[in-house]
Amino acid sequence: MGFLKKRVLTGLLAFFTAAVLLTGCGSQNVSETSPGKLSGSITVYTSQPEEDIQKLIEKFNEKQPDIKVTVFRSGTEEVVSKVLAEKETGNVQADVLLVADAATFEELKGKDLLMRYQSPELKGISKEYYDADYTYTGTKIISTGIIYNKNMIKIAPTSYKDLTKAEFKNNVIMPSPLYSGAAAYNLSVLTRTNGIGWEYYQALKDKGAKVDKGNGTVQKAVIDGRVGSGIIVDYMALRSKQKGAPVEFVYPSEGSLTVTEPVGILKATTHAELAKAFVDFILSEAGQKVTAEIGYTPIKSGVKAPEGFKSVDEIKNITYDLATLVKARQDDKEKFSRIFN
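Residues numbered from 1 in each chain as written. Predicted model: local features only at pLDDT ≥ 70, side-chain atom pairs only at ≥ 80, totals over all residues. Heavy atoms only, no water.

Novice: So what's going on with the overall build of the protein chain? Residues and values would help.
Specialist: Check the secondary structure of the protein chain and you find 11 helices and 13 strands. Across the protein chain, every contact between residues at least 6 apart in sequence was considered, and the portion connecting residues at least 24 apart equals 76%. Here the protein chain displays about 16,100 Å² of accessible surface, and carbon together with sulfur accounts for 52% of that area. (Helix = DSSP H or I, 4+ residues; strand = E, 2+ residues; numbered from the N terminus. Contact = heavy atoms within 4.5 Å. Areas by Shrake-Rupley, 256 points an atom, 1.4 Å probe, with all protein chains shown as cover.)

In structure tokens, the structure reads:
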């Protein structure tokens, strides 16, 4: 009997030891449910429109149904402020960050907030669109250009400079670089582009150009006919046109201001494997097809862009040295504020 009791006790001890080990794994919110499948939850901070990020998550969950994705969404500047505030308290809540531009990620990289991760899905993505240290990777091409209302503007603009002409007086609206990460990037690039510079923004101000919160407010103002034209990201204008709005989108002759809405994993994450799975899906061919379905130019070569959009290989990209843009970002926003009061 003593022998049997010993065997039973040994078996129970082994059982509870295994249970404790499994519980330990569960505390990191990662467990294998079947080969290639993971379970748990992650939090994504993003500036993507709500319907777009939800569509992306829906498609991701077709591949990984047991990973719950919680989202915090706002403008890029507010998202970044939230991350930095959380870092100060030692309580970063985000696992994955998906916001406007590389300059934003460079700033966060400089603060040692991002985890290094070289995704196996980088094939077909140009090196200019991801960090050499693999802390972030572009996910799509978003080009800023010009939207105009055909009922209000009879001679279509072809360039950024056209918006400073007399016929556009009091008839231009643009997003604020104090709210929109893309607008902040655009400001720093355009003011360093030959033939444009700060004089361009002063000319817009002198012609009565309006500044509002983000690209969505520009979209609505032009569609509603309150303003005839605006500076806006491509997908908002082209989606509006597809839905029947009386608008057109112009890729300016000077070139396009392009942001890539990079994705990165926060170093503070306790759910690294789940976060990697999410990043891998976005960068995969399947994920890039979803990007096109949602209505963006895919960043991976060979994946077809939506109707009306230029492909990644067709876009003439206006850019500037990234380190300079990061360093000058705050000063540029302050100078913009002084010009537009």
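Novice: Before we move on, can you summarise the pairing of strand β10 (residues 256–259) with the specific residues and values?
Specialist: Residues Ser256 and Thr258 of β10 are buried on one face, and the alternating residues Leu257 and Val259, pointing to the opposite face, are buried as well. In terms of strand pairing, strand β5 (residues 140–149) meets β10 through three bridges, oriented antiparallel. Bridge pairing links isoleucine 142 to valine 259 in β10. As defined by bridge partners, β10 adjoins strand β13 (residues 317–318) across two bridges and the pair is classed as parallel. Within the sheet, the bridge partner assigned to serine 256 lies in β13 and is asparagine 317. (Buried < 20%, exposed > 50% of the residue type's maximum accessible area, 1.4 Å probe, protein only. Pairing = 2+ DSSP bridges.)

Novice: Which residues make up the pattern of salt bridges, and what values do they have?
Specialist: All told, the structure shown has 18 salt bridges when counted by the stated rule. Ionic pairing is found between aspartate 131 and lysine 109, a salt bridge with its closest N-O pair at 3.0 Å. Here aspartate 131, found in the loop between α4 (102–110) and β5, pairs with lysine 109, found in helix α4; they are 22 residues apart in sequence, far enough to count as distant. You can call lysine 109 partly exposed: its relative accessible area is 24%. Between lysine 165 and aspartate 162 there is a salt bridge whose closest N-O contact spans 3.0 Å. On the basis of relative accessibility, which here comes to 39%, the residue lysine 165 falls in the partly exposed class. The exposure class of aspartate 162 is buried, given its relative accessible area of 11%. (Salt bridge = Lys/Arg side-chain N within 4 Å of Asp/Glu carboxyl O.)

Novice: Explain the environment of lysine 111 to me, using residue names and the numbers behind them.
Specialist: Along the polypeptide, lysine 111 turns up in the loop between α4 and β5. Residues lysine 111 and leucine 84, 27 residues apart in the sequence, show an inter-C-alpha distance of 9.1 Å.

Novice: Outline the nonpolar core, listing residues and values.
Specialist: Leu56, Tyr200, Leu204 and Phe278 are the most contacted members of the largest nonpolar core, which totals 83 residues. The biggest single contributor to this core is helix α9 (residues 272–283), with eight residues. In this structure tyrosine 200 touches Tyr160, Lys161, Leu163, Thr164, Leu190 and Ile231, once residues within four positions along its chain are discounted. Counting 15 residues, the second largest nonpolar core, distinct from the first, contains Val79, Leu97, Val99 and Leu108. (Core = buried A, V, L, I, M, F, W, Y, C linked by side-chain atoms within 4.5 Å.)

Novice: Describe the packing of aromatic side chains, with residues and values.
Specialist: Applying the stated criterion across every chain, the model contains 11 aromatic pairs. Seen from their ring centres, tyrosine 200 and tyrosine 201 are 5.7 Å apart, and the 80° between their planes marks the pair as edge-to-face. Each member of the pair, tyrosine 200 together with tyrosine 201, is buried. With a centroid separation of 5.0 Å and an interplanar angle of 85°, the aromatic rings of phenylalanine 249 and tyrosine 251 are classed as edge-to-face. Since its relative accessible area comes to 16%, tyrosine 251 is described here as buried. These aromatic residues form a ring-pair network of at least three members: Trp198, Tyr200, Tyr201, Phe336 and Phe340. We note lysine 82 situated over the ring of phenylalanine 72; from NZ or CZ to the ring centre the distance is 4.9 Å. Positioned over the ring face of tyrosine 296 is lysine 140, at 5.0 Å from the centre of the ring. (Phe/Tyr/Trp six-rings, centres within 6.5 Å; stacked < 30°, edge-to-face > 60°. Lys NZ or Arg CZ within 6 Å of the ring centre and 35° of its normal.)

Novice: How would you sum up unusual backbone geometry? Please name residues and give values.
Specialist: Phi is positive for asparagine 170, close to 60°, though the residue is something other than glycine. If you trace the backbone, asparagine 170 turns up in the loop between β5 and β6 (172–175).

Novice: Describe the packing of α4 against helix α11 (residues 322–339), naming the residues involved and giving the relevant values.
Specialist: Relative to each other, α4 and α11 sit at 75°, their axes nearing to 9 Å. Overall, the two elements α4 and α11 adopt an arrangement that is roughly perpendicular. Along the contact surface, α4 presents Ala102, Ala103, Thr104, Glu106 and Glu107, while α11 presents Leu322, Val326 and Arg329. For the contact of α4 with α11, the per-class residue count stands at four nonpolar, one polar and three charged. (Axes fitted to C-alpha atoms, helices over the stretch in contact; angles between N-to-C directions. Parallel < 35°, antiparallel > 145°, perpendicular 65-115°, else oblique. Nonpolar A, V, L, I, M, F, W, Y, C, P; charged D, E, K, R; others polar.)

Novice: Please provide a residue-by-residue account of the confidence of the model for the protein chain, values included.
Specialist: Chain-level pLDDT for the protein chain is 90 on average; 90% of the residues reach the 70-or-more range. Segment residues 1–33: pLDDT under 50, and 20 contacts once partners within four positions in sequence are set aside and those in other chains are kept. (pLDDT = per-residue confidence, 0-100.)

Novice: I'd like to hear about the environment of glycine 110, residue by residue, with values.
Specialist: Summarising the element assignment, glycine 110 is placed in helix α4. For glycine 110, a relative accessible area of 66% corresponds to the exposed category.

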